[in-house]
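# Coordinates in review
These are the residues of each chain, in order.
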Amino acid sequence: MSRPLRVLALAGCVALAGCATPRSDRSWVSPAAVSDASSIAAAIAEWLGEEAPPATSTLLVLPVSRRQADNGVTAALTADLRRMGYGLATSLAASPDAHVVRYLVTPIFERHVVVRVQLDGVEGARLFYRDGRGGLLPASALTMRGTL
């Protein structure tokens, strides 16, 4: 497939990824993304650090389903957020001022992953690709929708 057609097909997949989202009260991680857990978690934590200052913010990270409870992205993200100095809430009832965070991680094609993060209704999305050595690198700019 020629490069322009591949890019067009990839853009179409990214656009359609938003159409098939899981429940809005859950985060979601594809099982195929587990090998990239630390890279994905670092990218999510970096964006959250830019949008909500760690020292003064409490986050309620919406959980994944019980079937996904042992995924590496969730564990790595929680560890990164704590290391950055975030307070992590267990519910909005316990922490009504907490920022609500939801993340969705979806591999597309053989070498690409879409990461979507929602913070209080603002969504950031970024496409990543796997380089020749197997590392995950940004393939697009962070695309944001909504305002805080």
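The coordinates are above.
Now for a description of the structure that goes with this document. Worth saying up front: this structure is predicted, and the values here are computed from it rather than measured.

## Thoughts on the overall build of the protein
- A tally of helices and strands in the protein yields three helices and eight strands.
- N-terminal to C-terminal, the α/β element order of the protein is α-β-α-β-α-β-β-β-β-β-β.
- The contacts in the protein between residues at least 6 apart in sequence include a share of 61% that link residues at least 24 apart.

## Quick word on unusual backbone geometry
- Phi angles above zero are rare outside glycine, and Asp 120 is one such case at about 50 degrees.
- Following the sequence through the fold, Asp 120 ends up in the loop between strand S5 (112-119) and strand S6 (122-130).
- Judged by its relative accessible area of 37%, Asp 120 is partly exposed.

## Observations concerning helix H2 (residues 37-51)
- Its 15 residues place the ends of H2 21 Å apart at the C-alpha level, agreeing with the 21 Å of an ideal helix rising 1.5 Å per residue.
- Turning to H2, its buried residues number three or more, namely Ala 37, Ile 40, Ala 41, Ile 44, Ala 45, Trp 47 and Leu 48. The buried residues of H2 all sit within an arc of 160 degrees when viewed along its axis, so they share a single face. When the buried face of H2 is taken as reference, the exposed residues oriented beyond 90 degrees from it are Ser 38, Glu 46 and Glu 50.

## Thoughts on the side chain of Asn 71
- Assignment of secondary structure puts Asn 71 in the loop between strand S2 (58-61) and helix H3 (72-84).
- Engagement of the side chain of Asn 71 in a polar contact is seen with the backbone nitrogen of Val 73, the distance being 3.0 Å.
- Within the structure, Asn 71 has its side chain in polar contact with the backbone nitrogen of Thr 74 (distance 2.8 Å).
- Discounting chain neighbours no more than four positions away, the residues touching Asn 71 are Val 29 and Val 64.

## Side note on H3
- For H3, with 13 residues, the first-to-last C-alpha span of 18 Å sits near the 18 Å given by 1.5 Å per residue.
- For H3, the set of buried residues is Val 73, Thr 74, Ala 76, Leu 77, Asp 80 and Leu 81. Across the axial projection of H3, the buried residues extend over an arc of 165 degrees, all falling on one side. Of the exposed residues in H3, the ones pointing more than 90 degrees away from its buried face are Ala 75, Arg 82 and Arg 83.
- Looking at the buried residues of H3, the elements they touch are strand S1 (28-29), H2, S2, strand S3 (87-88) and strand S4 (99-108).

## Things to note about the nonpolar core
- Counting 27 residues, the largest nonpolar core has Ile 40, Ile 44, Leu 48, Tyr 103, Val 105, Val 115 and Val 117 as its most contacted members.
- At the level of secondary structure, the elements contributing two or more residues to this core comprise H2, H3, S4, S5 and S6.
- No other element matches H2, which puts seven residues into this core.
- When neighbours within four sequence positions are excluded, Val 117 is seen to be in contact with Ile 44, Trp 47, Leu 48, Val 101, Arg 102, Tyr 103, Val 122, Glu 123 and Gly 124.

How each quantity is defined
Residues numbered from 1 in each chain as written. Predicted model: local features only at pLDDT ≥ 70, side-chain atom pairs only at ≥ 80, totals over all residues. Heavy atoms only, no water. Helix = DSSP H or I, 4+ residues; strand = E, 2+ residues; numbered from the N terminus. Contact = heavy atoms within 4.5 Å. Buried < 20%, exposed > 50% of the residue type's maximum accessible area, 1.4 Å probe, protein only. Expected span 1.5 Å × (residues − 1). Arc of directions from axis to C-beta. Polar contact = N/O pair within 3.5 Å; in protein donor to acceptor, adjacent residues only side chain to side chain. Core = buried A, V, L, I, M, F, W, Y, C linked by side-chain atoms within 4.5 Å.

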